[in-house]
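# Observations on the model geometry
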Amino acid sequence: MPSGTLAAREEPRLAEIVLEGVGKAFPDGTVAVRDVSLAMEDGEFVVLVGPSGSGKSTVLRMIAGLEEVTSGTIRIGDRVVNDVSPAARDIAMVFQNYALYPHMTVYGNMAFALKLRKVPKDEIDRRVREAAELLSITELLRRKPRQLSGGQRQRVAMGRAIVREPAAFLMDEPLSNLDAKLRVQTRSEISRLHQRLGTSIVYVTHDQVEAVTMADRVAVLREGMLQQFGTPDDLYEKPVNVFVAGFIGSPAMNLVASRVVAEDGDVAVSFGSHQLELSPAVARSLADRQGKEVLLGIRPEDIEDPEFAAFDGNARLEVAIDLVENLGAERIAHFEVDAPPVRTRDTEALAADLERGSEGPTNARLVARPDHVAFTARLHPRSLVSAGHTTKLAVDVSRLYFFDPDTGEAIPR
Amino acid sequence: MTATAAPPRLVPPAKHRDRLDRPLQVLFPFWVAVSALIVLFPIYLVIMVSVAPGSALFGERPDLLVTDPTLDHWRQIIESGSLWGPLTKSLVVATLTTIVAIVIAAPAAYVISRLPAGIRYTVVIGLLVTRMFPEFAIGISVATRFARVGLVDDYLGLVLAHLIGALPFITWILVGTFETIPRDLEEAARIDGASRMGTLLRVVFPLAAAGIAVAALFVWLYSWNEFLYARLLTTNQNTLPLEVFRAIDRGSRQQMATIAAVLTLPILLVVYFLQRHLRPGALAGAVKG
Amino acid sequence: MSDDGAVGLQTGAPARPRTGVRRWLRNHAFEVALATPLVLYIVVLTLAPIVDTFRLSLSGPRGGEFPTLATYRDVFDQEVFRTAIKNTVIVALLSLALELTIGLGVALTLNAKFRGQGLVRTLVLVPLGVPTIVSGAVMLLIFSRSGYLNSLLFWVSDVVSLLPGVDWSFQPLAWPVAGGWRTLFTIAVADMWKVLPVVTLIFLAGLQSVPPDVYEAADVDGATKWQRFYRITLPMLVPFITMALILRAIDAFRIFELALVLAGRIEPVLATYIAERYLPPTNDPFTSAAGAVVLFALIMVFIVVYLRFVARRVETAR
């Protein structure tokens, strides 16, 4: 029996991955990552998410050892790995294009790393077959990568990582080359695999749906900086800034520039011709901003056909519905609000990301007229609200989000 | 403008794209056949003349067909022994040149292929610019120096000279080959635990094997055919191309044709094997840079 | 960031910013080691000899003082040298014209679909496998006094003479040694035959790079066959024509073996002149080096003129 590998597996390996002030500047001067600090726990499934250019892949590649760290430190377990070669970091990686060796069979691909580590033949064979079994690719072991479908290649890439029995898996957009249906299926398979193996996974994606459905914790990055690191619920309920608020959730949060107004002791928020009265609790958090501008965020599910509204209150928006998309389980209503759109670096980054066609269900915003903002609402499937009519929609004012117009940061509720 | 002249067709014309007009269609096969004949005629001539009896080739109207072929000239050349020296020299030099060229060019081409695009492009252009210099501009100086250190009439000297022409060319071909090998394969290998050298030997070179083989054949061909450096660096022991030249200068037509056939036949084989790689598509990438 | 001008290889450990050349060298020791043999070779056996040739050409006749233009004055005074330049230019332009037009014709032919296309495509490659010196020998067989061209022309004159009222009795010619344009034409034809595969392949690549739907669009727009060729095929071929032309021009100016075999001393070209001066019995590396430099200059001038004027005008005419 291989003493080396066995010993390594017997002693508990702490695979917490800790980034402290990590930065990456390329020789040409571009700074891809600046000052990212993250502590991922052993066995955790962490997703790094952000639009393209956010530096998420660079962070992953620095953890893998494929990019040199130009500032800060990376620890895996209790070892600073800045100067450790990728091979010695005890990690396995699944590449976006799978990076299967075309000249080797599936078996050869999976066995390659073990062969290099001089693991005995029977041990290699056992591990490869186990992993193949787990991924149900046993019948493919003799094939070459070019004889495989996209989904099969993806599994082989996973298998190649699994046989390593590494302390952590690194995955760089492993699903982006699969078609939509296969992607959803593989997504749940990876989650199941994680539950079964209990090995840490660091997973990079640009798709926030993928991120929130799979992750224990999500790290949102933008322009090389960490925006927020927390559970999917945290990100959804307590986004730290406009960027995270707009990035997480689908359809995206409605954002509009508004003003806090006080009348007869009642505090309201007004934008365009609309005014929403605030509950005393919410009003208190805005106490020092009366008469000032704030950015208002409303999640689409917090706007509802009054007939079906599950929340109390009589806050209403009277709007002209442009389009209703019937998705069966819900109806997405699109309308415009006559208030200036939110223009900050954050929202512009979001808009740019939208234009690049980041995926996810109907996030398509209708082009708004100048000084109008496109809004979406998720209505009850049996709602009779229809396009071309002006109607009143109920708003759950207890779930409004407010952000500072200058910094974009959330105003705590 | 022509829209009025040509009435709109109901059937999409796409399928007729490559069909030629009627008169052309009739003449086309003849044209193809004649071109093919013109291309093949010289080969036929070499072989025909090499087996033609002496009488068949003289007079103002030499025969195009040999009715009584003879292997006399082949026998003569083989028995005289004058063929073996040049044949050996050409074979050894071509083979050595090929091996050394691959050993020197392949690693360097790999490095070039991994340079940032702008620098890579400059380097490749630089390699090709060395071709703009007449071989003589290099050869004269090289030959004078080689004469001083005794590398004239020497296998090594000729190998060194042939490498001058071969290296830039195959480096260029190999850069193209290595560029097609995705970098993430190397990264995967490094994560799997391979060293830089291990990655090169176990992943990159095996994947480039076909391209390297093609490049090797090209080098072999080049060296086997090379005349100019051989001329400058030879006083006694001829290579095959020099031997052909000698026969042109002094020999009979049949001798000339026979040696030419010896020189040509192996190459036709090489080209036959290469033709799969001489697809126009392979060149398209080179043009577009 | 790359204050030392360090080049970050994209694979391998990238350069750390703000560090010296030594740091860079250490990070890239592997790449440097791999590339060194080639770099050394090119420096020692290509660049140094080129510089050396320039030096030789600038030395006085028989290696006297340096630097001097005496050797250049010397060679330009020789009538044979001036003829060589003239012949080189004529042969180069002639063979370029032949190669490009015929190469394009053959490529257009091979781009059409017909039975046996694969076979013909293979056959067209055959000259690639024929050593240049052999194609010279073959051209001698064809073009010499008792050669096959004369044989063919005899046959034609026989046939023509059967017609009433025509009286043409053919006088056999030894084409290469006839001197003048016949010799140069023979060389150009020989060169054309030899490089036809290369030119054809380049043009075929160009033709195949035109997406079929462009032709379909032109058909729908009602373009005639000629318009299709002139307005679509030809403009899209321009980069390929440029590449073929430059590649071929470099070789055409340097033409050596074919000129040596077919023309010998009757019609010298620059390369044969250079060789003749260098080899015994002349043994004069200095004039030979000057000839090589002139040849290089000729190639440069041609390429620059082509790129500056011709290629640009075609570019703007489109």
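The residue count restarts for each chain, going from 1 along the sequence in the order it is written. Each chain is given a letter, starting from A, and each ligand a number, starting from 1, according to the order in which they appear as written. Residues qualify for local features only when their pLDDT is at least 70, as the model is predicted, and side-chain atom pairs are given and counted only at 80 or more; totals for whole chains, interfaces and linings, by contrast, use all residues.

### A word on the overall build of chain C
The following threshold applies: Every helix listed is a DSSP run of H or I at least four residues long, and every strand listed is a run of E at least two residues long, numbered separately from the N terminus. Each residue is classed by its C-beta neighbour count within 10 Å, where at least 20 other C-beta atoms makes it buried, 12 or fewer makes it exposed, and intermediate counts make it partly exposed; the C-beta atoms are placed from backbone geometry.
In terms of helices and strands, chain C carries 13 helices and zero strands. Listing every helix and strand of chain C by position from the N terminus yields α-α-α-α-α-α-α-α-α-α-α-α-α. Taking all 318 residues of chain C together, 42% fall into the buried category.

### Overview of the overall build of chain A
Helix and strand counts for chain A stand at 11 helices and 20 strands. On the principal axes, the C-alpha backbone points of chain A span a range of 80 × 45 × 40 Å. Burial status across chain A gives 43% buried among its 413 residues.

### Observations concerning the pairing of strand E6 (residues 91-94) of chain A
Residue and element names in this part refer to chain A. What counts is decided by this rule: A pair of strands is considered paired only if DSSP assigns at least 2 bridges between the two.
Burial along E6 is two-sided: Ile91 and Met93 and Ala92 and Val94, pointing in opposite directions, are all buried. As paired strands, E6 and strand E7 (residues 168-172) are joined by four bridges and run parallel to one another. Residue Val94 lies in a different strand from E7, and its bridge partner there is Met171.

### Quick notes on the interface of chain C and chain B
Put simply, the test is: A pair of residues counts as a contact when their C-beta atoms, built from backbone coordinates, are separated by no more than 7 Å. In this count, Pro and Cys sit with the nonpolar residues alongside Ala, Val, Leu, Ile, Met, Phe, Trp and Tyr, while Asp, Glu, Lys and Arg are called charged and the others, Gly among them, polar.
Contact with chain C, which involves 84 residues of that partner, is made by 83 residues of chain B. Tallied by class, the residues present in the side of chain C that touches chain B amount to 58 nonpolar, 18 polar and eight charged.

### With respect to the packing of helix H10 (residues 240-250) of chain B against helix H11 (residues 253-274) of chain B
Angle between the axes and distance between the axes: these two values describe a pair of packed helices. All names here are of chain B. Basically, it comes down to this: Angles run from 0 to 180 degrees between N-to-C directions of axes, and those axes are lines fitted to C-alpha atoms, restricted for helices to the stretch in contact. Roughly parallel here means an angle under 35 degrees, roughly antiparallel means over 145, roughly perpendicular means 65 to 115, and every remaining angle is called oblique. Here a crossing is called left-handed whenever its near helix is offset anticlockwise from the far helix by less than a right angle, and right-handed whenever the offset is clockwise.
Running from N to C, H10 and H11 cross one another at 165°; their axes reach a closest spacing of 8 Å. Taken together, the axis directions place H10 and H11 in an arrangement best described as roughly antiparallel. Crossing of H10 over H11 shows left-handed handedness. Contacts between H10 and H11 involve Leu240, Pro241, Glu243, Val244, Ala247 and Ile248 on the former and, on the latter, Gln255, Met256, Ile259, Ala260, Val262 and Leu263.

### Some points on the environment of Lys144 of chain A
All names here are of chain A. Position of Lys144 among the secondary structure elements: in the loop between helix H4 (121-134) and helix H5 (150-162). Overall, Lys144 belongs to the partly exposed group, with 16 C-beta atoms counted inside 10 Å. With 43 residues separating them along the chain, Lys144 and Tyr101 place their C-alpha atoms 8.7 Å apart. When residues no more than four places from it in sequence are discounted, the contact partners of Lys144 are Pro102 and Thr105.

### Focus on the sheet that holds strand E9 (residues 217-222) of chain A
Residue and element names in this part refer to chain A. Strand order in the open sheet formed by six strands is E6-E7-E8-E3-E9-E10, and the pairing between neighbours is mixed. Bordering the open sheet on either side are E6 and strand E10 (225-230), each of which pairs with just one other strand. Sheet twist, expressed as the mean angle between neighbouring strand axes with direction ignored, is 15°. One ladder, built from four bridges, connects strand E3 (residues 45-49) with E9; its direction is parallel. Bridge assignment links Val46 to a residue of E9, and that residue is Arg217. Running at roughly 175° to E6, H5 makes contact with E6 and E7 of the sheet.

### Some words on the nonpolar core
To keep things clear, this is the line we draw: Think of a nonpolar core as buried Ala, Val, Leu, Ile, Met, Phe, Trp, Tyr and Cys residues chained together by C-beta atoms that fall within 7 Å.
The biggest cluster of nonpolar side chains holds 277 residues, and the ones touching the most others in it are Val202 of chain A, Leu167 and Val244 of chain B together with Ala137 of chain C. The greatest single-element share of this core, amounting to 16 residues, is contributed by helix H8 (residues 180-208) of chain C. If we skip the residues at most four places from it in the chain, Ala137 of chain C touches Val244, Ile248, Met256 and Ala260 of chain B together with Val261 of chain C.

### Here's the deal with unusual backbone geometry
Ser250 of chain A connects to Pro251 of chain A through a cis peptide bond whose omega is -5°. You can see Pro251 of chain A is positioned in the loop between helix H9 (242-247) and strand E11 (254-263). The amide bond that connects Pro280 of chain C to the next residue, Pro281 of chain C, takes the cis arrangement and shows omega of 10°. Relative to the assigned elements, Pro281 of chain C resides in the loop between helix H12 (270-278) and helix H13 (285-317). Despite not being glycine, Lys118 of chain A has its phi angle at roughly 55°, a positive value. Looking at the secondary structure, you find Lys118 of chain A in the loop between helix H3 (106-116) and H4.

### Digging into the sheet that holds strand E19 (residues 390-395) of chain A
For sheets, the rule is that strands pair by backbone hydrogen bonds, running either parallel or antiparallel. Residue and element names in this part refer to chain A. Spatial ordering of the open sheet is given by E15-E19-E16-E17-E18, a layout of five strands whose pairing is antiparallel. The open sheet is flanked by strand E15 (303-304) and strand E18 (373-379), the only strands paired with a single partner. Relative to E19, E15 runs antiparallel, the two sharing two bridges. In the sheet register, Glu304 faces E19, and the bridge partner there is Ala394.

### Regarding the interface of chain B and chain A
Contact residues are listed per partner, giving 13 residues for chain B and 17 residues for chain A. Secondary-structure elements contributing two or more residues to the side of chain B that touches chain A are helix H7 (183-191) and helix H8 (196-225) of chain B. With six residues, the top contributor of residues to the side of chain B that touches chain A is H7 of chain B. Looking at the side of chain B that touches chain A residue by residue, the classes come out as eight nonpolar, one polar and four charged.

### Observations concerning the environment of Val31 of chain A
Residue and element names in this part refer to chain A. Mapped onto the elements of the fold, Val31 is located in strand E2 (residues 31-40). According to the C-beta neighbour criterion, Val31 is partly exposed, with 16 such atoms within 10 Å. Val31 sits 90 residues away from Lys121 along the chain, and the two C-alpha atoms are 45 Å apart. Look past the residues within four positions of Val31 in its chain and what remains in contact with it is Ala25 and Gly224.

### Examining the packing of H8 of chain C against helix H10 (residues 225-253) of chain C
All names here are of chain C. Relative to each other, H8 and H10 sit at 150°, their axes nearing to 9 Å. Our classification of the angle between H8 and H10 gives roughly antiparallel. You can see that H8 and H10 cross each other, and the crossing is right-handed. Where H8 approaches H10, its residues Asp191, Val195, Val199, Ile202, Phe203, Ala205, Gly206 and Leu207 are matched on the opposing element by Thr233, Met236, Leu237, Phe240, Met243, Ala244, Arg248 and Ala252. Partitioning the contact of H8 with H10 into residue classes produces 12 nonpolar, two polar and two charged.

### Describing the pairing of E3 of chain A
All names here are of chain A. Buried residues dominate E3, accounting for five of its five residues. Both faces of E3 are covered, namely the face carrying Phe45, Val47 and Val49 and the face carrying Val46 and Leu48. Bridge analysis of E3 against strand E8 (residues 200-205) gives five bridges, and the strand direction is parallel. Paired with Leu48 across the two strands is Val204, which belongs to E8.

### Considering the confidence of the model for chain A
All names here are of chain A. Under the convention used in this document: Note: pLDDT gives the predictor's confidence per residue, expressed from 0 to 100.
On average, residues of chain A carry a pLDDT of 87, and 92% of them reach 70 or more. Within chain A, the lowest mean pLDDT, 41, falls on helix H1 (residues 3-10), and the highest, 96, falls on E3. With pLDDT under 50 throughout, residues 1-11 is counted as low confidence; its partners more than four residues away or in other chains account for six contacts. This stretch, residues 358-366, has a pLDDT under 50; its non-local contacts, to residues over four places away or in other chains, come to 21 contacts.

### Concerning the confidence of the model for chain C
Parts of the model with low pLDDT should not have their predicted coordinates read in detail. All names here are of chain C. Looking at chain C as a whole, its pLDDT mean stands at 82, while 87% of the residues score no less than 70. Per-element mean pLDDT across chain C ranges from 77 in helix H7 (residues 148-162) up to 92 in helix H2 (residues 29-57). Both scores are given for the predicted complex: the pTM is 0.81, the ipTM 0.80.

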